[in-house]
Amino acid sequence: MTDLRLTDLRRAGRSAADLAADHLATVTDRPVWRPVADADRSWLTRQPLPAAGRPLADLLDDVRDRMLPYPMGNGHPRFFGWVNSPPSPAGVLVAPLAAAMNPSCAGGEHAGVLLERTAVRWLAELVGFPHPPGAGLLTSGTSMATIIALATARQRASRQQGRDVRETGLYGQPPLAVYLSTEGHSCLRKAAELLGLGSRYLRTVPVDGAYRMDPGALRRLIAADRAAGVRPMFVAASAGTVNTGAVDPLAEIAGIAREHGLWFHVDGAYGALGALAEGTGRGYAGLEQADSLALDPHKWLGVPVDAGCVLFRDPVGPRDTFSLVPPYLRQDDDGDPLGWFSEYGPEQTRPFRALRVWATIAHLGRDGISQLVRRTSQLARTLATMIEASDDFELLAPATTSVIAFRHRPTALDVDRTEALNQAIPAAVQRRGHAFLTGTRLSGRAALRACVLHPDTTEADLGVLLDEIRTAAQEIDAPTV
Ligand SMILES: *Cc1c(COP(=O)(O)O)cnc(C)c1O
């Protein structure tokens, strides 16, 4: 870079740092979320391609005026929607440095690749998963982690039949069945469809009253598939479902998987870190027996998006599934027996995600992370208690991690109007701007869910959330049924 361009970058970079810090510092002065004004929407979506470029500092004005006012909302302590956390300060700090270095972490000898080894090992250690060197990599999220895990299981299943699915595809094979609970995440279905397994062979296992997979039902589905000539291949248990935060009976499912030769996968995208919380942590026994574990540092840990991770018991499987080293990439003097990260998944050019993961963990330490997990889980239990103590809310599932599923139930309303009301509440609460929650369906009925992930959320915020729901409910024109 020329001196002049560097001077510009230095000056604008300082302003950008101030903008970012001010944005984080003033988050509670603004609505949690607000709709985008028409003029800004049209600016955001319809800008013409510029012929001439503009100075760096000008770009920051646009970010300040047109973008920062319209966040998704997850930086705010009263954001309870989906499973989205605020960014860790350490992650925000180092993100521009990753861009300044701009490596591709496909492989090779440089800081990005080497640090990813530590970031992945730390994640495994945090959740108590075994970590032989090379048995894991960072991904864009759990959707990609799941594709990698399922592809690896599919290759193992073909190897067991003396085939190589990479060469033959799935042609001429009996169908392979994938099991998950009715509360399992949609990314498993996407992965099964993408990998040619077919959603017809995706089995949704019923859950118990606490929304945990029913192991007896899993056994029966496996037996029925065997009898029908379908080969049971893969079972995905949840460690923290998105609807209720439920953790499936992992040890029991691990036993069934072993007995029937199934690949045992755990979706810990959101909840794997819950293993760090005293008390609830005990419910995670069996997690360490998984063949693969997906988890998202960009959820509870607060690593700025994107950062997912897939861990394996054995590094041989994913490499056998993905390694493809064209001659232009091969280097004879590559000393690392683990090879390149790009041999373990579909991505070739890979970003320096490890820097944000490393910085976040290094800043909080194991103690800080368990404190975050314990505190947010405790707040969720407090919300559950508040709901149970009220006469106009109903708790729909026990609090295991930091998601609470519930329903608003003003006494005057009948079943149909309660249903319509709960469907309408999330959008009405969001529009008011004082809190943000989202809805779901549980046992076929509309439900509200609140996920606590923000380190600055307080008990008072929980009270505001319930009051906002009450006020929004009164604002909604209760539809006549
Ligand atoms: C978020 C989430 C996913 C999907 O992960 P992405 O990072 O969004 O790709 C899968 N499973 C669970 C339980 C999740 O919370």
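Right above here is the structure, for reference.
Residues numbered from 1 in each chain as written. Predicted model: local features only at pLDDT ≥ 70, side-chain atom pairs only at ≥ 80, totals over all residues. Heavy atoms only, no water.

(A) Quick peek at helix H6 (residues 142–160). Across its 19 residues, H6 extends 27 Å between first and last C-alpha, which sits within 8% of the 27 Å expected from 1.5 Å per residue. Among the 19 residues that make up H6, 14 are buried, leaving the element largely enclosed by the rest of the structure. The positive-phi residue at the C-terminal boundary of H6 is glycine 162, with phi of around 70°. (Helix = DSSP H or I, 4+ residues; strand = E, 2+ residues; numbered from the N terminus. Expected span 1.5 Å × (residues − 1). Buried < 20%, exposed > 50% of the residue type's maximum accessible area, 1.4 Å probe, protein only.)

(B) How the structure looks around empty space enclosed by the protein. Counted under the stated rule, the structure contains three cavities of 30 Å³ or more. Of the pockets and cavities examined, the largest cavity occupies roughly 70 Å³. Forming the boundary of the largest cavity are Glu183, Gly184, His185, Ser238, Gly240, Thr241, Val242, Asp267, Ala269 and Tyr270. When its residues are assigned to classes, the lining of the largest cavity shows three nonpolar, five polar and two charged. Estimates place the volume of the second largest cavity at around 50 Å³. Taken together, Leu123, Gly268, Ala269, Tyr270, Ala272, Leu273, Leu295, Asp296, Pro297, Trp300 and Leu301 make up the lining of the second largest cavity. Split into classes, the residues belonging to the lining of the second largest cavity amount to nine nonpolar, one polar and one charged. (1 Å grid on protein atoms, 1.4 Å probe; cavity = no way out; pocket = protein on both sides within 12 Å on 5 of 7 lines; lining within 4 Å. Points joined across faces, edges and corners; volume = space filled by probe spheres on them. Nonpolar A, V, L, I, M, F, W, Y, C, P; charged D, E, K, R; others polar.)

(C) Highlighting the nonpolar core. Counting residues in hydrophobic clusters, the biggest one holds 92 residues, and the most contacted among them are Leu150, Leu218, Met233, Phe234, Val235, Phe264 and Leu273. Apart from the residues within four sequence positions on either side, valine 235 is in contact with Tyr179, Met213, Leu218, Ile253, Ala257, Leu262, Trp263, Phe264 and His265. Ranked by size, the runner-up nonpolar core spans 25 residues in total, among them Ile387, Ile404, Phe406 and Leu437. (Core = buried A, V, L, I, M, F, W, Y, C linked by side-chain atoms within 4.5 Å. Contact = heavy atoms within 4.5 Å.)

(D) Looking closely at unusual backbone geometry. The linkage connecting valine 305 with the following residue, aspartate 306, adopts the cis geometry, with an omega of 0°. In this structure, aspartate 306 sits in the loop between strand S6 (292–295) and strand S7 (308–312). One non-glycine residue, asparagine 102, lies in positive phi territory at about 50°. You can see asparagine 102 is positioned in the loop between helix H4 (89–101) and helix H5 (111–127). The class of asparagine 102 is exposed, set by a relative accessible area of 60%.

(E) Summary view of the side chain of aspartate 248. Structurally, the position occupied by aspartate 248 is in the loop between strand S4 (231–238) and helix H10 (250–260). For aspartate 248, which is buried and forms no salt bridge, the nearest opposite charge comes from arginine 212, at a distance of 6.3 Å. Here serine 238 takes part through its backbone nitrogen, which lies 2.8 Å from a polar atom of the side chain of aspartate 248. When near neighbours in sequence (up to four residues on either side) are disregarded, aspartate 248 contacts Tyr211, Arg212, Met213, Ala237, Ser238, Ile253 and Gly283. (Lys, Arg positive; Asp, Glu negative; His and termini not counted. Salt bridge = Lys/Arg side-chain N within 4 Å of Asp/Glu carboxyl O. Polar contact = N/O pair within 3.5 Å; in protein donor to acceptor, adjacent residues only side chain to side chain.)

(F) Geometry of the sheet that holds S4. If you walk across this open sheet you meet the seven strands as S1-S7-S6-S5-S4-S2-S3, and the pairing is mixed. At either end of the open sheet lies a strand with only one pairing partner, and these are strand S1 (136–139) and strand S3 (202–205). The mean inter-strand angle of the sheet, taken between neighbouring strand axes irrespective of direction, is 20°. For strand S2 (residues 176–181) and S3, the ladder comprises four bridges, and the chain directions are parallel. Bridge assignment links leucine 180 to a residue of S3, and that residue is threonine 204. (Pairing = 2+ DSSP bridges. Axes fitted to C-alpha atoms, helices over the stretch in contact; angles between N-to-C directions.)

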